[in-house]
2 protein chains.
Amino acid sequence: MSAASAKRRSPCPVACGLDLFGDRWTLLVVRDLMFGAERFKDFAAAPEGIPTNLLADRLARLQSAGVVEPTAAADGSRHPAYRLTAKGKALYPVLAALRDWGLEWEKGTRTRG
Amino acid sequence: MSAASAKRRSPCPVACGLDLFGDRWTLLVVRDLMFGAERFKDFAAAPEGIPTNLLADRLARLQSAGVVEPTAAADGSRHPAYRLTAKGKALYPVLAALRDWGLEWEKGTRTRG
DNA sequence: TTTCATACTTTCAAAACGCAAGTAATTTAG
DNA sequence: CTAAATTACTTGCGTTTTGAAAGTATGAAA
């Protein structure tokens with residue numbers, strides 16, 4: 001049995017996704033990556049204010065899940081930078097669906113721009 | 001300020017959605033409702049094995065969020081039963097996107113049937 | 001009516017969270 | 001070049017949430 005399936009609660013793709021994204025912060029990191037964030041400070045600067053220990057943990061978990069990979073920073077600095085893999089970019093429909101639901105059903109939510 | 005916006009981390013619809021669904025169990029309850037589950041035992045029987053205290057908590061939270069509402073059981077019993085509201089049914093695209101992502105990127109996941 | 005099933009609630013240890021402070025490496029200012 | 005500031009974390013610790021188990025009360029069945 002694989003390492004991933006060993007800790008899997010069921011073969012349900014939804015349950016499996018929640019094993020990775022089932023918390024209040026992980027998908028916000030993915031959201032920020034989709035908007036172009038790439039460095040630690042970028043994620044930390046998001047309005048939700050993720051604690052730095054959780055941010056470090058989430059980036060590590062997303063990396064080991066193959067959703068995020070290290071990259072060179074766009075500005076050439078030697079600070080660590082991160083970007084979505086194909087697996088990570090494939091989460092766009094999930095984010096979009098959640099965004100659309102929130103915009104329609106939760107009063108006062110809005111996109112930036 | 002409304003009760004909902006008071007505890008909101010940001011006006012982002014994604015963050016707002018995660019305030020409600022950002023845990024490992026809530027969306028599984030919604031999934032089961034979409035598949036026709038309506039009674040406590042139905043949710044408890046799901047393969048993931050949600051602890052009963054968490055199930056009670058999640059059903060209560062989904063109700064107060066207007067995603068789930070009480071209804072009469074289809075078999076006429078007087079046990080409590082639950083169903084999705086319009087707001088809850090509107091989560092279908094979110095579940096579908098998560099399911100599709102899992103099916104494509106997480107080996108060994110599968111739908112039932 | 002007594003037995004079983006259902007729908008929870010309670011208890012409690014373990015894990016996760018979140019805030020604050022500390023540290024090491026990188027960048028910038030002078 | 002050097003000192004100060006920024007960045008990317010890690011560590012500590014009190015609080016909250018989780019999850020496993022057992023307990024209880026009501027509905028259903030025999």
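Note that the coordinates shown come from a computational prediction; the quantities given were computed from them, not determined experimentally.

*Asks:* Even after reading the chapter, I still don't get the relation of the copies chain B and chain A, so can you show me in this structure?
*Replies:* Both copies of the chain are tied together by a single rotation about an axis and a shift running along it. At an RMSD of 0.0 Å, chain B and chain A line up after a rotation of 180 degrees and a shift of 0.0 Å along the axis. One copy is carried onto the other by what is essentially a two-fold rotation axis. Of every C-alpha in chain B, the one belonging to B:Asp23 sits nearest the axis of rotation, 2.3 Å from it. Interface overlap between copies: 100% of the residues of chain B at the interface are likewise at the interface in chain A, consistent with a symmetric, same-surface contact.

*Asks:* What should I look at first to understand the protein's contact with DNA strand D in this one?
*Replies:* The environment of DNA strand D is made up of 19 residues, and the closest members are A:Arg39, A:Lys41, A:Tyr82, B:Trp25 and B:Arg78. Taking the atoms of DNA strand D that fall within 4 Å of the protein, sugar and phosphate contribute 72% of them. Between DNA strand D and A:Thr52, the relevant distance is 2.8 Å, taken from a base oxygen to a side-chain nitrogen or oxygen of the residue. In this structure, B:Arg58 approaches DNA strand D through a side-chain N or O atom, which is 2.7 Å from a phosphate oxygen. Going through the elements one at a time, helix H4 (40-44) and helix H5 (52-64) of chain A together with helix H5 (52-64) of chain B are the ones with two or more residues in the surface near DNA strand D. Considered class by class, the residues forming the surface near DNA strand D number seven nonpolar, seven polar and five charged.

*Asks:* How should I be thinking about the packing of aromatic side chains in this particular structure?
*Replies:* Given two aromatic rings, one states the distance between the centres and the angle between the planes to describe the pair. The full count for this structure, using the stated rule, is two aromatic pairs over all chains. When the centroid spacing of 5.3 Å and the interplanar angle of 70 degrees are considered together, the rings of A:Phe21 and B:Trp101 count as edge-to-face. Note that A:Phe21 is positioned in helix H2 (residues 13-21) and B:Trp101 in helix H7 (residues 92-105), a pairing that runs across two chains. A relative accessible area of 3% places B:Trp101 in the buried class.

*Asks:* Hey, could you run me through the protein's contact with DNA strand C in this one?
*Replies:* Taken together, 19 residues form the shell around DNA strand C, and within it A:Arg24, A:Trp25, A:Arg78, B:Lys41 and B:Tyr82 come nearest. Counting only atoms of DNA strand C within 4 Å of the protein, the sugar-phosphate share comes to 72%. Here a phosphate oxygen of DNA strand C sits 2.7 Å away from a polar atom, N or O, in the side chain of B:Arg39. One nitrogen or oxygen atom from the side chain of B:Thr52 is found 2.8 Å from a base oxygen belonging to DNA strand C. Elements with a minimum of two residues in the surface near DNA strand C: H5 of chain A together with helix H4 (40-44) and H5 of chain B. The element best represented in the surface near DNA strand C is H5(A), accounting for four residues. Looking at side-chain class alone, the surface near DNA strand C contains seven nonpolar, seven polar and five charged residues.

So, how was this worked out
Residues numbered from 1 in each chain as written. Chains lettered and ligands numbered in written order. Predicted model: local features only at pLDDT ≥ 70, side-chain atom pairs only at ≥ 80, totals over all residues. Heavy atoms only, no water. Least-squares fit on C-alpha atoms with pLDDT ≥ 70 in both. Contact = heavy atoms within 4.5 Å. Near = heavy atom within 4 Å. Polar contact = N/O pair within 3.5 Å; in protein donor to acceptor, adjacent residues only side chain to side chain. Helix = DSSP H or I, 4+ residues; strand = E, 2+ residues; numbered from the N terminus. Nonpolar A, V, L, I, M, F, W, Y, C, P; charged D, E, K, R; others polar. Phe/Tyr/Trp six-rings, centres within 6.5 Å; stacked < 30°, edge-to-face > 60°. Buried < 20%, exposed > 50% of the residue type's maximum accessible area, 1.4 Å probe, protein only.

Purely geometric stuff here, so don't read any function into it on its own.
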